[in-house]
Amino acid sequence: MINVYNTMTRQKEELIIDNNRIKLFVCGPTVYDYSHIGHARTYIAFDVIVRYLKHSGYSVFYLQNITDIDDKIINRAKERNVDPLELSHKFEEEYLKDMELLNVKNVNFYARATEHMDEIIAQVQTLIDKGYAYDTETGVYFDVSKFEGFGKLSNRKLDDLQNVRIAVDSTKKDPKDFALWKKQDEEPYWDSPWGKGRPGWHIEDTAITESYFGPQYNIHGGGLDLIFPHHDAEIAQMEAASGKEPLVECWMHTGFLNVRGEKMSKSLGNFITIKELLKLYSPEVYRFFVLSTHYRSPIDFSDEILKQAESSLKRIQNSGKLLMELSKSTSLPDEDESNFAEEVDSFRENFFAAMDNDFNTPIALSHIFDFTHKLNKQLANQSLTNEVIESIVSTFKEIEEILGFNIVSLDSSSDSSDAVLDILKDVREELRADKNWDLADKIRDELSDIGISLEDK
Ligand code: AMP
């Protein structure tokens, strides 16, 4: 049983899905520049959520849109004197390459806004026909006063709409009405019953989800910043157009990746692109870093925490390396004298319980960490049986599939001296805890003779 926090009800709820088939939509990027590591935080979080849902037996269709036409794209294209669609398709390609590098691989279909103009136009027409939208000289607008309950996701009042990015336009009935279609003669434009133009900010998502999923589906995700007004506008558009509610059963939102308390964003200029980060850290380290915080909580980005993530991951992988080496040994015991099989079972139980509890990856990682600590002791005295080793390896492989980084599936030719050193450190800690100072000091002195110094905390 998986419990998921639903932004709409503000509580964790048991995930109940008909036929075990999940239709999931997550808002994709606006592609006018290289993606930054804040975007990556959100997409890695949903990647792991999808991996876990699949592992739990659900069949998931994961749909993402690509905003390939919008004001920011047009402005950037003007600055660079290039065609807006050429610009957006270049950065879409870069985004997809970045996702591939980060092992974010579960999106079934990326739907470009510009390839769904017929669906967008049809949905705008339905809203006009049903009296929820009106046509003016400058565009077609959604009449927010006609939709009772606008803001039910964010719990914000209609008046808040005045403070967000809605263009001032004297042709609108109310300044809070938002654009479904923006009229313009300048390229790029598309023909519509209301003249040349392009879609507004929110309509592409509901037109796209309606064409692949219908008017209602299971899960909608995105970053916290999209709750208001974007997701509230989606609810208004689709529920008004279809007459059916709710648009989705469960709303999931990721917390921000912050820099010194401020959201990392292109507009604030405090961003690090995924490409820049991957020059310094491996994709696995970044995934580990992201998963060390719960997906709904903010992450404060710092080099120091990334370095910690790097060393924690290395410790886990070092145990994995030694485990794989030990699995090749021909002189393993027949009896599981230390009852380590029980440790493996309780580790599995704890790991999956954490993931079932709203995908609590930091707790799941802490169980991996505790378990590898215990495992290191068994590796040092070579007391594991073949059967126990096999069950640990298969559990680690399952976890690799879910979290998307390696533990045991590493290059076997890589150097294992770090791994041996980790084990020696763990053994020494145990010896010191047992007050076996002589042996602990002997290990420290002999390591010092070969140039490795250990400091006792
Ligand atoms: P955008 O291209 O700005 O529309 O963003 C694409 C997705 O990335 C949205 O779901 C955003 O909420 C998310 N996102 C953008 N910046 C951050 C950040 N600093 N931390 C987490 N998610 C973010």
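Residues numbered from 1 in each chain as written. Predicted model: local features only at pLDDT ≥ 70, side-chain atom pairs only at ≥ 80, totals over all residues. Heavy atoms only, no water.

Asker: Could you give an account of the site of the ligand, naming the residues involved and the relevant values?
Answerer: Around the ligand, 16 residues are found, and the nearest of them are Thr30, Thr42, Asp225, Leu257 and Met264. Here a nitrogen atom of the ligand sits 2.7 Å away from a polar atom, N or O, in the side chain of threonine 42. Between the ligand and the protein, one listed contact pairs an oxygen atom with a side-chain N or O atom of aspartate 225 at 2.5 Å. When residues of the shell around the ligand are traced back to their parent elements, those giving at least two are α1 (37-55) and β10 (217-223). Residue contributions to the shell around the ligand peak at four residues, all from α1. Partitioned by chemical class, the residues of the shell around the ligand number six nonpolar, eight polar and two charged. (Near = heavy atom within 4 Å. Polar contact = N/O pair within 3.5 Å; in protein donor to acceptor, adjacent residues only side chain to side chain. Helix = DSSP H or I, 4+ residues; strand = E, 2+ residues; numbered from the N terminus. Nonpolar A, V, L, I, M, F, W, Y, C, P; charged D, E, K, R; others polar.)

Asker: So what's going on with the pattern of salt bridges? Residues and values would help.
Answerer: Any two side chains of opposite charge can pair, on the condition that their charged atoms come close. Evaluated as defined, the whole model comprises 28 salt bridges. For aspartate 98, the salt bridge goes to lysine 275, with nearest N and O atoms at 2.7 Å. Note that aspartate 98 is positioned in helix α3 (residues 84-101) and lysine 275 in helix α7 (residues 274-280), a separation of 177 residues in sequence. Taking relative accessible area as the criterion, lysine 275 reaches 27% and is therefore assigned partly exposed. Across the pair arginine 296 and aspartate 358 runs a salt bridge whose closest N-O atoms are separated by 2.9 Å. (Salt bridge = Lys/Arg side-chain N within 4 Å of Asp/Glu carboxyl O. Buried < 20%, exposed > 50% of the residue type's maximum accessible area, 1.4 Å probe, protein only.)

Asker: Which residues make up the packing of helix α2 (residues 71-80) against α3, and what are the values?
Answerer: For the pair α2 and α3, interaxial distance at closest approach is 8 Å and the crossing angle is 105 degrees. Relative to α3, the element α2 is oriented roughly perpendicular. Of the residues in α3, those touching α2 at Ile73, Ile74, Arg76, Ala77 and Arg80 are Pro84, Leu87, Ser88 and Phe91. Class assignment of the residues belonging to the contact of α2 with α3 gives a composition of six nonpolar, one polar and two charged. (Axes fitted to C-alpha atoms, helices over the stretch in contact; angles between N-to-C directions. Parallel < 35°, antiparallel > 145°, perpendicular 65-115°, else oblique. Contact = heavy atoms within 4.5 Å.)

Asker: Go over the sheet that holds strand β13 (residues 262-263), please, and point to the residues and values.
Answerer: One open sheet accounts for three strands, arranged β13-β12-β14; its pairing is mixed. Single-partner strands in this sheet number two, and they are β13 and β14 (299-300). Here two bridges tie strand β12 (residues 257-259) to β14, and the two strands are oriented parallel to one another. Looking at the pairing, asparagine 258 lines up with aspartate 300 of β14. (Pairing = 2+ DSSP bridges.)

Asker: Residues and numbers for the environment of tyrosine 62, please.
Answerer: Looking at the element boundaries, tyrosine 62 is found in strand β4 (residues 59-66). Residue classification places tyrosine 62 among the buried residues on the basis of a relative accessible area of 1%. When the C-alpha positions of tyrosine 62 and glutamine 11 are compared, they lie 23 Å apart, and in sequence the two are 51 residues distant.

Asker: Describe the nonpolar core, listing the residues and the values that go with them.
Answerer: In terms of nonpolar packing, the biggest core is built from 88 residues, with Tyr286, Leu323, Phe351, Leu384, Ile392, Phe396 and Leu403 touching the most fellow members. Looking at this core element by element, the count peaks at 11 residues for α1. Contact partners of phenylalanine 396, with chain neighbours within four places excluded, come to Leu323, Phe347, Ile368, Phe371, Thr372, Leu375, Ile407 and Val408. Counting residues in each nonpolar core, the second largest holds 40 residues, with Ile121, Ala133, Ala207 and Tyr217 among its members. (Core = buried A, V, L, I, M, F, W, Y, C linked by side-chain atoms within 4.5 Å.)

Spatial relationships are all this shows, so hold off on functional conclusions.
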